[in-house]
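What follows is the residue order along each chain.
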2 protein chains.
Amino acid sequence: MVRPIKKKQIPNLQDAIKETAWKQIAEFGAPALSLRAIARELKITAPAIYNYFPDRDALVTALIIDAYTSFGDWQIEARDSASNNNLHKKLEAIGLAYRNWAHTYPQRYQLIFGTPIPGYITPREEVFPSSARSISALFSVVEEFHAAGKLSIDAVPAVSEKYKTHYEQWRTYLGEINPLSVFVAMIIWARVHGIVSLEIQGNLPSFGKKGDALYLFELHSISHQFIKE
Amino acid sequence: MVRPIKKKQIPNLQDAIKETAWKQIAEFGAPALSLRAIARELKITAPAIYNYFPDRDALVTALIIDAYTSFGDWQIEARDSASNNNLHKKLEAIGLAYRNWAHTYPQRYQLIFGTPIPGYITPREEVFPSSARSISALFSVVEEFHAAGKLSIDAVPAVSEKYKTHYEQWRTYLGEINPLSVFVAMIIWARVHGIVSLEIQGNLPSFGKKGDALYLFELHSISHQFIKE
DNA sequence: AAAAATAAATAAACACCGTATATTTACAGA
DNA sequence: TCTGTAAATATACGGTGTTTATTTATTTTT
């Protein structure tokens, strides 16, 4: 069984393809992603890419996973940079990091939460680990609030079967989480996502001096509504 | 100046093109929109479409305006179907109509709030009238609450210059609106949009028996936070 | 060292796409 | 009937993702 290891004209061509893809996405937007354009820039032929990604969608999936990983890094770093004693600070840091990441990498945000690639359908299972990791920071902080008995709500609407599947998936990646925490975390996520996605899309004008007054108002609303004290 | 009126093989070809486009969007998704496929189905040649739409983007814009109009119809009908004496019912009806419309026409929702067409950039000014009309129902009800002295919040963060432009645009289409009402309406919009967009995208599992428990919770949160009594 | 094996790149082609240009067709008004 | 013009077609160009066959290069085996 002969199996040579490596001999590439460009070392780490797989990474080079992804880097070039990101460069073009940043410059021309995600929908303009083109295998031929990537090949042109790397001075290879388009079919050569197929040695590293079975098709265009596989490349997009790899990019999405990278984007989730970058997003998760920001989230986790935000959580861990705030003092362990101050859960409110952690929650706020996570909320701000969410918006900051989106405004720093709008194309990556669109790649994850928009549907900018024609015909592409996200393979949920493949993306799930990086996706789950990215929201684990929020989940863990809410769970800490819950463990400390500081969540203000105590009733969760009856969950549907469809939801239970998601919940079980999350548990395998995020560990034990109380359904109540999940419910609260999902609401927080949805609120934060609502503003940011409207902003990124251009439907919502920047608000307030620093353009984030509405967002800060919502972060405060979240704390006030869901957390005691 | 000779200017004949009409002689088309297909009467109302312009409308037929749009109808076929919607049919294909519903079946294969918005990103799969193809002028040639539309022409094929209508048994005309692709360039014939250019007699009715200068390019593909113009067709997409027309579709988006139609989607906004349909969306606005639902919103306005929801507002007007509730008793004039009951503002809370009106607000709830608008909120439910928002989600119902999105779940009835997920492709139209994505066409408006996603970026599913490669390379397409929404011409805001052109779309604005239908867009403004679609949120006018929410704005008017919030303004009625405000006029009745029933808004719970009374401070609006200082608005940025960028926002003022939007605000002036809105005023020309929606009439006199108090900045406070605008602020509250935008928060409501963002919250509702946050959940629905995550649902439509598949990021959020259906929640509760009828799959809308989380949504109903948020509608209740909105009333509770922003409206007196 | 020569030969065999195999991975990686290329070359060429296919079926799409949006769109521009030139041409034909069909009909309204003079 | 002739003419002007709008609408449709025919054709072509450059772009796309992808498949197939072929060449190139390197590694392992003989």
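**Describing the overall build of chain A**
Thinking step 1. Within chain A, the regular secondary structure consists of 9 helices and 0 strands.
Thinking step 2. Put simply, chain A runs from its N terminus to its C terminus through helices and strands in the order α-α-α-α-α-α-α-α-α.
Thinking step 3. Expressed as a percentage of the 229 residues in chain A, the buried residues total 52%.
Thinking step 4. Pairs at least 24 residues apart make up 75% of the contacts formed inside chain A by residues separated by at least 6 positions.
Thinking step 5. With the model as given, the accessible surface of chain A reaches about 11200 Å², and the carbon-plus-sulfur share is 52%.

**Structural notes on the confidence of the model for chain A**
Thinking step 1. Averaged over all residues, the pLDDT of chain A equals 88, while 90% of them reach at least 70.
Thinking step 2. Note that pLDDT drops below 50 for residues 1–8 of chain A; the model gives that stretch 2 contacts with residues more than four away or on any other chain.

**With respect to the nonpolar core**
Thinking step 1. Tyr-98 of chain A together with Tyr-98 of chain B are the most contacted members of the largest nonpolar core, which has 150 residues in total.
Thinking step 2. In this structure Tyr-98 of chain A touches Phe-71, Gln-75, Tyr-109, Phe-113, Trp-189, Val-192, His-193, Val-196 and Tyr-215 of chain A, once residues within four positions along its chain are discounted.

**A look at the pattern of salt bridges**
All names here are of chain B.
Thinking step 1. Counted by the stated rule, this structure contains 19 salt bridges over all chains.
Thinking step 2. Note that Glu-92 and Lys-89 form a salt bridge whose closest N and O atoms lie 3.9 Å from each other. Remark: Lys-89 and Glu-92 occur in helix α4 (residues 87–104); sequence separation between them is 3 residues, near one turn of the helix.
Thinking step 3. Classification of Glu-92 as partly exposed rests on a relative accessible area of 34%.
Thinking step 4. Its salt-bridge partner being Arg-171, residue Glu-176 comes within 3.3 Å of it at the nearest N-O pair.

Procedures and definitions
- Residues numbered from 1 in each chain as written.
- Chains lettered and ligands numbered in written order.
- Predicted model: local features only at pLDDT ≥ 70, side-chain atom pairs only at ≥ 80, totals over all residues.
- Heavy atoms only, no water.
- Helix = DSSP H or I, 4+ residues; strand = E, 2+ residues; numbered from the N terminus.
- Buried < 20%, exposed > 50% of the residue type's maximum accessible area, 1.4 Å probe, protein only.
- Contact = heavy atoms within 4.5 Å.
- Areas by Shrake-Rupley, 256 points an atom, 1.4 Å probe, with all protein chains shown as cover.
- pLDDT = per-residue confidence, 0-100.
- Core = buried A, V, L, I, M, F, W, Y, C linked by side-chain atoms within 4.5 Å.
- Salt bridge = Lys/Arg side-chain N within 4 Å of Asp/Glu carboxyl O.

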